[in-house]
Amino acid sequence: MPRIGPRVKPNAPQLRMALNRVLGDSAKPRFNSNPHRLTTHVTGYPASIRNRMKAAALTHVQLASTFTSTMTNYSGKLIKASPIPDCSSVILVEFARPPVNAFSEGMWGELRIIFDSISRDGAVRAVVLGSSLPKFWTAGLDLIEAAGPNSAITAPMGGDPSRRSLGLSAHILDFQDAISAIERCRQPVVAAVHGLALGLAVDILCACDIRYAAENSNLCIKVREVDIGMASDIGTLARISKIVGNESAVRELALTARPFGASEALSIGFVNKVVKGGRDEVLAAAIDTAKLIASKSPIATIGTKHLLLHARDHTVRDSLEYTATWNSLMLQSDDAKDAFAAFTTKKPTVFKPMPKL
């Protein structure tokens, strides 16, 4: 993975936290307290897997350090992120890896850090996700890197199949976590998709809150995994059936990997608006919606996103009880008082910014 900032020498606690993130909740190895020997004492993993764990953890710490020192625009080398000129509470995040925005490990590492950083920024109230390239949103996974000798998929791993599978599982979980950063971002995320959007593009779109498509959009669920002997594993299969009401359409698209355009995406409910034109037009529409969201109470918009995600994954009864608990606190905010006062006085409300976390 390319380095995007000054080299950072992390301490042992930082490496422990990063390694735990890389490994996920399914594996909790024991670490030596010496940061220089940290991964040589991970219990139960062969050397090749331990080396990849250490590289991933070091990269995570370096990325985090870089972004915390440049919080004004959030941009990395492969993804641009900056406030909208006339609305600083809306951030535009754009893929920027020519020629086709293929996702390398460095790119999805940046994606995670950018969205986790934005989530902690109380001044940001909405995010627009797009591409800086006029004809491509993203071509999905960088297959050249994935097929390379140092890839987690193709690199030789020692040990028995069980130990090898733990290493590969850690890599998949880390990739999933990076894309899920969009979903766990506290602020609503509006996707503006245009042009070619293949494979991983659909995983990313599924993690967004609102999806707009330019009429020239051409989407495809994964890059023919069903043709190369595997199932999609980064988020599409877990999320899309909860977005699209047509289970038959979901299964057809996933099992055939055929492309589908903006009009079909609209007809099955995967996107909720098709915009005439291309990149500029769909970005303008998404920015308008993000500005409208940003004008609302941040307590209300953050709470609404949080409660919708909770409702998706829980029963109606559980969701109602959780919402009652949530609002019993949030209704005591100044935002609610200010909104009620504005309603009676017919004056616009200016809501206070959220704290930086």
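Just above, that's the structure.
A brief structural summary. (Residues numbered from 1 in each chain as written. Predicted model: local features only at pLDDT ≥ 70, side-chain atom pairs only at ≥ 80, totals over all residues. Heavy atoms only, no water.)

## Structural notes on the overall build of the protein chain
Part 1: Scanning the protein chain for helices and strands turns up 13 helices and ten strands.
Part 2: Looking at the protein chain as a whole, 48% of its 357 residues are labelled buried.
Part 3: By sequence separation, contacts in the protein chain at least 24 residues apart represent 68% of the contacts at least 6 residues apart.
Part 4: Only carbon and sulfur atoms are counted for the fraction: they give 59% of the accessible area of the protein chain, which is about 17100 Å². (Helix = DSSP H or I, 4+ residues; strand = E, 2+ residues; numbered from the N terminus. Buried < 20%, exposed > 50% of the residue type's maximum accessible area, 1.4 Å probe, protein only. Contact = heavy atoms within 4.5 Å. Areas by Shrake-Rupley, 256 points an atom, 1.4 Å probe, with all protein chains shown as cover.)

## What to know about helix 11 (residues 298-312)
Part 1: Over its 15 residues, helix 11 extends 21 Å from the first C-alpha to the last, a length consistent with the 21 Å expected when each residue adds 1.5 Å.
Part 2: All of the buried residues in helix 11 are Pro298, Ile299, Thr301, Ile302, Gly303, Lys305, Leu307 and His310.
Part 3: Looking at the buried positions of helix 11, the neighbouring elements they touch are helix 5 (161-184), strand 5 (189-193), helix 10 (279-294), helix 12 (316-330) and helix 13 (334-345).
Part 4: With a side-chain oxygen lying 3.2 Å from the backbone nitrogen of isoleucine 299, the N-terminal cap of helix 11 falls on serine 297. (Expected span 1.5 Å × (residues − 1). Polar contact = N/O pair within 3.5 Å; in protein donor to acceptor, adjacent residues only side chain to side chain.)

## Section: the sheet that holds strand 5
Part 1: Pairing within the open sheet is mixed, and its six strands lie in the order 1-2-3-5-7-10. With partners counted over all chains shown, the strands left at the sheet margins are strand 1 (79-84) and strand 10 (273-275), one partner each. On average, each strand axis in the sheet is inclined to that of its neighbour by 25°, with strand direction left out of account.
Part 2: Where strand 2 (residues 87-95) lies against strand 3 (residues 126-131), six bridges are found, and the strand directions are parallel. Paired with glutamate 94 across the bridge in strand 3 is glycine 130. (Pairing = 2+ DSSP bridges. Axes fitted to C-alpha atoms, helices over the stretch in contact; angles between N-to-C directions.)

## Looking at the nonpolar core
Part 1: In this structure, Val93, Phe115, Leu129 and Phe270 are the most contacted members of the largest nonpolar core, which totals 50 residues.
Part 2: Beyond its immediate chain neighbours, meaning those up to four positions away, phenylalanine 270 contacts Val202, Leu205, Cys206, Arg211, Leu219, Ile240, Ile243, Val244, Phe260 and Ala265. (Core = buried A, V, L, I, M, F, W, Y, C linked by side-chain atoms within 4.5 Å.)

## What to know about the pairing of strand 1
Part 1: As judged from the six bridges shared by strand 1 and strand 2, these two strands associate in the antiparallel manner. Residue pairing for strand 2: lysine 80 is matched across the bridge by glutamate 94.
Part 2: Once strand 1 ends, the chain turns through two residues before running back antiparallel as strand 2.

## Things to note about the packing of aromatic side chains
Part 1: Tallied over the full model, the rule gives five aromatic pairs.
Part 2: With a centroid separation of 6.3 Å and an interplanar angle of 70°, the aromatic rings of phenylalanine 260 and phenylalanine 270 are classed as edge-to-face. Here phenylalanine 270 lies in the loop between helix 9 (262-267) and strand 10 and phenylalanine 260 lies in strand 9 (residues 259-261), a separation of ten residues in the sequence.
Part 3: Accessibility expressed as a relative area gives 1% for phenylalanine 270, which makes it buried.
Part 4: Measuring from centroid to centroid gives 6.4 Å for tyrosine 322 and tryptophan 326, while their planes differ by 35°, and the two rings are tilted. Here tyrosine 322 and its partner tryptophan 326 are both found in helix 12, four residues apart, which amounts to about one turn of the helix.
Part 5: The exposure class of tyrosine 322 is partly exposed, given its relative accessible area of 29%.
Part 6: By way of ring pairs, the aromatic residues Phe95, Phe103 and Trp137 are connected into one cluster.
Part 7: One Lys or Arg, arginine 211, reaches over the ring of phenylalanine 270 and ends 5.3 Å from the middle of that ring.
Part 8: The cationic tip of lysine 346 hangs over the ring face of phenylalanine 343; the distance from NZ or CZ to the ring centre is 4.9 Å. (Phe/Tyr/Trp six-rings, centres within 6.5 Å; stacked < 30°, edge-to-face > 60°. Lys NZ or Arg CZ within 6 Å of the ring centre and 35° of its normal.)

## Structural notes on helix 5
Part 1: Taking 1.5 Å as the rise per residue, helix 5 with 24 residues should run 34 Å; its terminal C-alpha atoms sit 33 Å apart, in good agreement.
Part 2: Of all bends in helix 5, the biggest is about 30°, found at alanine 178.
Part 3: Turning to helix 5, its buried residues are Gly167, Ala170, His171, Asp174, Phe175, Asp177, Ala178, Ile179, Ser180, Ala181, Ile182 and Glu183.
Part 4: For helix 5, the N-terminal cap is aspartate 160; the gap from its side-chain oxygen to the backbone nitrogen of serine 162 is 3.0 Å. (Bend = angle between axes of the 7 residues up to and from the residue.)

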